[in-house]
Amino acid sequence: MKISDILKEGKVGISCELFPPKIGSQLNNVKEVVREMALLRPSYMSITYGATGGTSEYTADIANEIKNVNHIPALAHLTCVSSTREKVRSVIERLKQDKIENILALRGDIPKNADFPLPNQYKYASELIYDIKSQGDFCIGGACYPEGHPEAKSMNDDLIHLKEKVDAGCDFLTTQMFFDNNIYYNFMYKALQKNIHAPIIAGIMPVTKSSQIKQIISLSGNMVPPRFKAIVDRFADYPAAMRQAGIAYATEQIIDLVANGVNHIHIYTMNKPDVAGAILNNLSEIIN
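Here's the deal with the sheet that holds strand β4 (residues 102-106)
Read around the closed barrel, the eight strands follow the order β1-β2-β3-β4-β5-β6-β7-β8; overall the barrel is parallel. Taking the axes of each pair of neighbouring strands and ignoring which way they run, one obtains an average angle of 30 degrees across the sheet. Here strand β6 (residues 172-175) runs beside strand β7 (residues 200-204); their pairing, made up of two bridges, is parallel. Within β7, the position partnered with Leu-173 by the bridge is Ile-200. Sheet contacts for helix α3 (residues 59-69): β2 (45-47) and β3 (74-79); angle to β3, the most-contacted strand, approximately 165 degrees.

In structure tokens form, the structure reads like this:
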């Protein structure tokens, strides 16, 4: 099922993101994570693509596991950074064979000291989106940054590039994680001002370990609101309490989003079905 069709259903839906293994020997472990996550009946599950190519070979395998073994709509990631144009064509053919209908097209994080783009690579996600669209009847998603892309000169400049992605054929967008819902609401307003009308799915990451915060800030530059910072400061040295507080905070974010008319939320699960399950259990009467 295409995600664009899921988004038209008019009901609250929670989707989940997974990442593939770094080495092949861990493939069965990730497949077990897929099975456990599928039991939660998310509206769809996405599988990321290795930024340096190390895990990219397993993305199609896991997408197939999601859709054809566990019968959940699958969203396979593709990136410019770790893909030549030839590799994209081969991955697309594999996805067609497995009847995977959804692709998330990303530029990806540029590795340090890497020559990018090479002559046979895409430079921008908009180029990748356009090429995917020309090769098959896929539903294509893109990423967006409510606080602005870390490399963007300004939010206005970032929104201009976002409009280019939508115009290239992007059917829906998923936000980078945010910890203050007002940032998302303000971003939605700014996107409409730029005539961006593609559905924008809210991306939520439950932070269950204090060490995650430093990594999140270093990679994305996310603002950490005082309320959330106080939680991390208070419970950082108490793993069980930090886990419970992180789940509660993510749950509250989702409740607020749903109460304000946001029907589609994507959880960055970090391959933790138990965390996703705890959140969905907290929402059992809200998302039905």
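That was the structure; now back to the text.
Brief notes about the environment of Asn-186
As for its position among the elements, Asn-186 is in helix α7 (residues 181-193). Overall, the relative accessible area of 46% leaves Asn-186 in the partly exposed class. In this structure the C-alpha to C-alpha distance between Asn-186 and Asn-70, which are 116 residues apart in sequence, comes to 37 Å.

Re the side chain of Gln-253
Following the sequence through the fold, Gln-253 ends up in helix α10 (residues 239-259). Of the residues examined, Gln-253 reaches a relative accessible area of 5% and is grouped as buried. When sequence neighbours within four positions are dropped, the list of residues in contact with Gln-253 reads Phe-178, Phe-179, Asp-180, Asn-181 and Ile-204.

Some remarks on the nonpolar core
The biggest cluster of nonpolar side chains holds 68 residues, and the ones touching the most others in it are Leu-78, Ile-132, Leu-173 and Ile-254. A total of six residues in this core trace back to one element, the largest contributor, which is helix α2 (residues 27-38). Aside from chain neighbours lying at most four places away, what touches Ile-254 is Ile-14, Ile-204, Ile-265, Ile-267, Ile-279 and Leu-283. Formed by 13 residues, the second largest nonpolar core is a distinct cluster that contains Met-177, Val-207, Met-242 and Ala-245.

Looking at the pattern of salt bridges
Within this structure, the stated rule accounts for 14 salt bridges. Across the pair Glu-86 and Arg-89 runs a salt bridge, and its minimum N-O distance is 3.8 Å. Of this pair, Glu-86 and Arg-89 are both found in helix α4 (residues 85-97), three residues apart, which corresponds to roughly one turn of the helix. Arg-89 sits in the partly exposed class, given a relative accessible area of 40%. Two residues, Glu-151 and Arg-107, come together in a salt bridge whose shortest N-O distance is 2.9 Å. One end of the pair, Glu-151, is in the loop between β5 (139-144) and α6 (155-168); the other, Arg-107, is in the loop between β4 and α5 (125-135), and 44 residues separate them in sequence.

Side note on the packing of aromatic side chains
Counted by the stated rule, this structure contains four aromatic pairs. Taking the centre distance of 5.3 Å and the plane angle of 15 degrees together, the rings of Phe-178 and Tyr-184 count as stacked. With respect to class, Phe-178 is no different from Tyr-184; both count as buried. Look at Tyr-184 and Tyr-185: their rings are 5.9 Å apart centre to centre, the planes differ by 70 degrees, and that puts the pair in the edge-to-face class. Residue class for Tyr-184 comes out buried when judged on its relative accessible area of 1%. An aromatic cluster is present here, built from Phe-178, Tyr-184 and Tyr-185 joined pairwise through their rings.

Overview of the packing of α4 against α5
It is the contact of α4 with α5, at a shortest axis distance of 11 Å, that shows an interaxial angle of 45 degrees. Comparing the axis directions of α4 and α5 gives the class oblique. Both α4 and α5 take part in a crossing whose hand is right-handed. Between α4, through Arg-85, Val-88, Arg-89, Ile-92 and Lys-96, and α5, the contact on the second element is made entirely by Glu-127, Leu-128, Asp-131, Ile-132 and Gln-135. A breakdown of the residues in the contact of α4 with α5 according to their chemical character gives four nonpolar, one polar and five charged.

Thoughts on unusual backbone geometry
Trans is the common state for peptide bonds, and a negative phi is the common state for residues other than glycine. In this structure, His-71 is a non-glycine residue whose phi angle is positive, near 60 degrees. Mapped onto the fold, His-71 is located in the loop between α3 and β3. Despite not being glycine, Asn-195 has its phi angle at roughly 65 degrees, a positive value.

Parameters at a glance
Counting from 1, residues in each chain are numbered in the order their sequence is written. At least 70 in pLDDT is required for a residue's local features to be given in this predicted model, at least 80 for side-chain atom pairs to be given and counted, and no such filter applies to totals for whole chains, interfaces and linings, which use all residues. As a rule here, side-chain values cover all heavy atoms of the structure and leave hydrogens and water aside. Any two strands with at least two DSSP-identified bridges between them are counted as paired. Put simply, DSSP H or I for four residues or longer makes a helix, DSSP E for two residues or longer makes a strand, and each gets a number counted from the N terminus. Axes here refer to lines fitted to C-alpha atoms; in helices the fit is confined to the stretch in contact. Angles between the N-to-C directions go from 0 to 180 degrees. Two residues form a contact once any of their heavy atoms are found within 4.5 Å. In this scheme, a residue with accessible area under 20% of its type's maximum is buried, one over 50% is exposed, and one in between is partly exposed, where area comes from a 1.4 Å probe on protein chains only. To form a nonpolar core, buried Ala, Val, Leu, Ile, Met, Phe, Trp, Tyr and Cys residues must be joined to one another through side-chain atoms within 4.5 Å. What counts as a salt bridge is simple: a side-chain nitrogen of Lys or Arg found within 4 Å of a carboxyl oxygen of Asp or Glu. Side-chain rings of Phe, Tyr and Trp (the six-membered ring for Trp) are treated as a pair once their centres are within 6.5 Å; stacked means planes under 30 degrees apart, edge-to-face means over 60, and tilted covers the remaining angles. Between 65 and 115 degrees an angle is taken as roughly perpendicular, under 35 as roughly parallel, over 145 as roughly antiparallel, and anywhere else as oblique. For a crossing to be left-handed, the near helix must be turned anticlockwise from the far one by less than a right angle; the clockwise case is right-handed. Gly falls in the polar group here, along with every residue not listed as nonpolar (Ala, Val, Leu, Ile, Met, Phe, Trp, Tyr, Cys, Pro) or charged (Asp, Glu, Lys, Arg).

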